[in-house]
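For reference, the chains in residue letters:
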Amino acid sequence: MNRFNDLADFPVAEIESLLELAERLKRQPEPRALEGKILSLLFLSPSLRTLASFQAAMGRLGGNSFVISPDMSIHGIETRPGIVMDGAAAEHIREAVPVIASYGDVMGIRAFAERRDLATEIADREFEELATLVDVPLINMESAIQHPCQSLADWKTMNDFDVPSSGGRFVLSWAFHPRPLPLAVPSTTVKMAAMRGMDVVVLRPDGFALPEPIMAQARALADASGGRVTETEDRAEALEGANVIYAKSWMSTQHYGDKPADLAAREELTDWCVDDPWFDSADADCRFMHCLPVRRGVVVSDRVLDGPRSIVIAEARNRMFAQMAVLHRLLKG
Ligand code: CP
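Reading the values: rules and limits
Every chain begins its residue count from 1, and numbering advances along the sequence as written. Since the coordinates come from a predicted model, pLDDT governs what is reported: local features require at least 70, and pairs of side-chain atoms require 80 or more to be given and counted, while whole-chain, interface and lining totals use all residues. Computation of side-chain values: all heavy atoms of the structure, hydrogens and water removed. Burial status follows relative accessibility: with a 1.4 Å probe on protein chains alone, a residue under 20% of its type maximum counts as buried, one over 50% as exposed, and anything between as partly exposed. Strands are runs of DSSP state E lasting at least two residues, helices are runs of H or I lasting at least four, and both sets are numbered from the N terminus onward. Throughout, the arc means the angular range of directions from the helix axis out to the C-beta atoms. We call two residues in contact whenever any of their non-hydrogen atoms come within 4.5 Å of each other. In this scheme, strands are said to pair when DSSP sees at least two bridges between them. With axes taken as lines fitted to C-alpha atoms, and helix axes fitted only over the stretch in contact, angles between N-to-C directions fall between 0 and 180 degrees. A cutoff of 4 Å decides nearness: a residue is near a molecule or strand if any of its heavy atoms lies inside that distance of it. Any pair of N or O atoms that falls within 3.5 Å is considered a polar contact. Within protein, one atom must be able to donate a hydrogen and the other to accept it, and sequence-neighbouring residues count only if both atoms are side-chain atoms. Accessible areas in this description were obtained via Shrake-Rupley with a 1.4 Å probe; residue shielding takes into account the shown protein chains only. Asp, Glu, Lys and Arg are counted as charged, while Ala, Val, Leu, Ile, Met, Phe, Trp, Tyr, Cys and Pro are counted as nonpolar; the rest, among them Gly, fall into the polar class. Here, a salt bridge means any side-chain nitrogen of Lys or Arg that lies within 4 Å of a carboxyl oxygen of Asp or Glu. Centres within 6.5 Å are what make two rings of Phe, Tyr or Trp a pair, Trp counting through its six-membered ring; a difference in plane orientation under 30 degrees is then read as stacked, over 60 as edge-to-face, and the rest as tilted. Should the NZ of a Lys or the CZ of an Arg lie within 6 Å of a ring centre and within 35 degrees of the ring normal, that charge is described as sitting over the ring. Side-chain atoms within 4.5 Å link the members of a nonpolar core, which is a set of buried Ala, Val, Leu, Ile, Met, Phe, Trp, Tyr and Cys residues. Here, the term disulfide refers to a pair of cysteine sulfur atoms separated by no more than 2.5 Å. The split into domains, and so the bounds of each, comes from an automatic or database assignment of domains. The term buried area denotes the loss of accessible surface (1.4 Å probe radius) that occurs when two parts are joined, taken as the sum for both partners.

### A closer look at helix α3 (residues 93-102)
- For α3, every residue scored as buried is listed here: Ile93, Ala96, Val97, Ile100 and Ala101. The buried side chains of α3 occupy one side of the element, clustering within an arc of 125° when seen end-on.
- In the core, the buried residues of α3 are packed alongside β2 (38-43), β3 (64-68), β4 (77-78), β5 (91-92), β6 (106-110) and α5 (125-131).

As structure tokens, this is what we get:
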């Protein structure tokens, strides 16, 4: 393994082996496993969890890390290809990435979605182009269409809380948000739950269906694992017997790249805020999950987020253990 980019690149057995390693590293720390190794982290968009959990993960394994982001005192970075650089930016990403990579033994890159052209983003063109500039093991820390570290942590979290895999009902629900958000988390999440063999339901309003190539891939993964993937806008139907309600907002795929049209489409959808009644017909032990950050009172009510169903803090903490496993596997085999 020299690249961690898409959970679907790996057989389920390899994901399960990574999860076992994550649990082992949690229970039996290996504080010298990556001694002398350096992790370089390039953040082209903001982060709390990914930034902190990668640094903590590397530190707990005895390695070191450094972070580069546009907010720091660095030269302005130009990301557009083929541009004449006569503006403010003094450095191009095409030099910045290989230089940063050359200082470390493994690299993580976060490159957010531009939310302009759906086909470009499904192809993850920006991240894939950056990946060609890196000659050390590479971790996708969220790109236009992938967030594999989040999904690995989510899978571990469901294992930790005994959420059934085979036959467990996983509802990925769109939620209201004042801004159109990228597709990375929902796209990766639907595939993760399908790989886990779950009965996956994508609950979303009209106009917010996930892209068909992503759904097709998720259905194929479910076929292979004995799971199932369906979608509906019928909330009552979706939530019946749910073991997990995983909330996330994303941009309208019907109006992709057209922000005013997206905002108009979501204007009437403020009741897509997860609240106690959503759990009425769910399984008695149904859990609430969200990748964070989450807007209280917008995406989910305080009483759900602060209540016993919510496992969002454990989910965020598992980012660190999941990434320890990824780093260990990338650097030690
Ligand atoms: N879930 C997640 O990736 O959080 P950050 O954006 O804070 O890293």
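### Some points on the sheet that holds strand β10 (residues 228-232)
- With parallel pairing, five strands are arranged side by side in an open sheet as β10-β9-β8-β11-β12. The sheet is open, and its two edges are formed by β10 and β12 (287-289), each paired on a single side. Going across the sheet, the axis of each strand differs from the next one's by a mean of 20°, ignoring polarity.
- Of the pairings in the sheet, the one linking strand β8 (residues 169-174) to strand β9 (residues 199-203) comprises five bridges and is parallel in character. Bridge assignment links Phe170 to a residue of β9, and that residue is Val200.
- Helix α7 (residues 184-195) rests against β8, β9, β10 and β11 (244-248) of the sheet, and its axis sits at about 170° to β8.

### Focus on the site of the ligand
- Around the ligand lies a shell formed by Ser47, Leu48, Arg49, Thr50, Arg110, His147, Gln150, Cys291, Leu292 and Arg319.
- The side chain of His147 places a nitrogen or oxygen atom 2.8 Å from an oxygen atom of the ligand.
- Summarising the interface, the protein chains cover 93% of the accessible area of the ligand, which totals 260 Å² for the free molecule.
- Taken together, the residues that form the shell around the ligand break down as three nonpolar, four polar and three charged.

### Some thoughts on the pattern of salt bridges
- Enumeration according to the criterion identifies 20 salt bridges in this entry.
- In this structure, the salt-bridge partner of Arg27 is Glu23, at a minimum N-O distance of 2.6 Å. With Arg27 and Glu23 both in helix α1 (residues 12-27) and four residues apart, the pair spans about one turn of that helix.
- A relative accessible area of 18% means that Glu23 is categorised as buried.

### With respect to the packing of aromatic side chains
- Within this structure, the stated rule accounts for six aromatic pairs.
- A ring pair is formed by Phe170 and Tyr246, whose centres lie 5.7 Å apart and whose planes are at 35°; its orientation type is tilted. A residue pair is termed long-range when its members are at least 10 positions apart, and Phe170 in strand β8 and Tyr246 in strand β11 qualify at 76 residues.
- On the basis of relative accessibility, which here comes to 0%, the residue Phe170 falls in the buried class.
- These aromatic residues form a ring-pair network of at least three members: Trp174, Phe208, Trp272 and Trp278.
- One cation-aromatic arrangement involves Arg235 over Trp272; the distance from NZ or CZ to the ring centre is 4.8 Å.

### With respect to the nonpolar core
- Judged by nonpolar contacts, the single largest core of 93 residues is most densely connected at Phe4, Ile139, Phe170, Val190, Val274, Phe288 and Leu327.
- A total of eleven residues in this core trace back to one element, the largest contributor, which is helix α12 (residues 312-332).
- Contacts of Phe288, omitting those with residues within four sequence positions, involve Ile245, Ala247, Val274, Phe279, Val300, Val304, Leu305, Arg309, Ser310, Ile311 and Val312.
- With 16 residues, the next largest nonpolar core counts Ile93, Ile100, Ala101 and Leu130 among its residues.

### Description of the state of the cysteines
- The final tally for this structure, using the stated rule, is zero disulfides.
- As a non-bridged cysteine, Cys286 has Cys273 as the owner of its nearest cysteine sulfur, 15 Å distant.
- Note on Cys286: relative accessible area 1%, which makes it buried.

### Some details on the domain arrangement of the protein chain
- In terms of domains, the protein chain is made up of domain 1 (3-147 + 318-332) and domain 2 (162-310).
- With centres defined by C-alpha atoms, the gap from domain 1 to domain 2 works out at 26 Å.
- Across the boundary between the two partners, domain 1 contributes 21 residues, which contact 24 residues of domain 2.
- Here domain 1 meets domain 2 over a buried area of about 1700 Å², counting both sides, of which 68% is carbon and sulfur.
- It is Arg49, Arg115 and Leu118 in domain 1 that bury the most area against domain 2; as a group they hold 35% of the surface buried on that side.

### Quick notes on the sheet that holds β3
- The strand order across the open sheet formed by five strands is β1-β7-β6-β2-β3, and the pairing between neighbours is parallel. Because the sheet does not close on itself, it has two edges, and the strands there are β1 (3-4) and β3.
- When β1 meets strand β7 (residues 138-140), the two strands line up parallel, connected through two bridges. Directly across from Phe4, in β7, lies its bridge partner Ile139.
- Packing against the sheet, α3 makes contact with β2, β3 and β6, and its axis sits at approximately 155° to β2.

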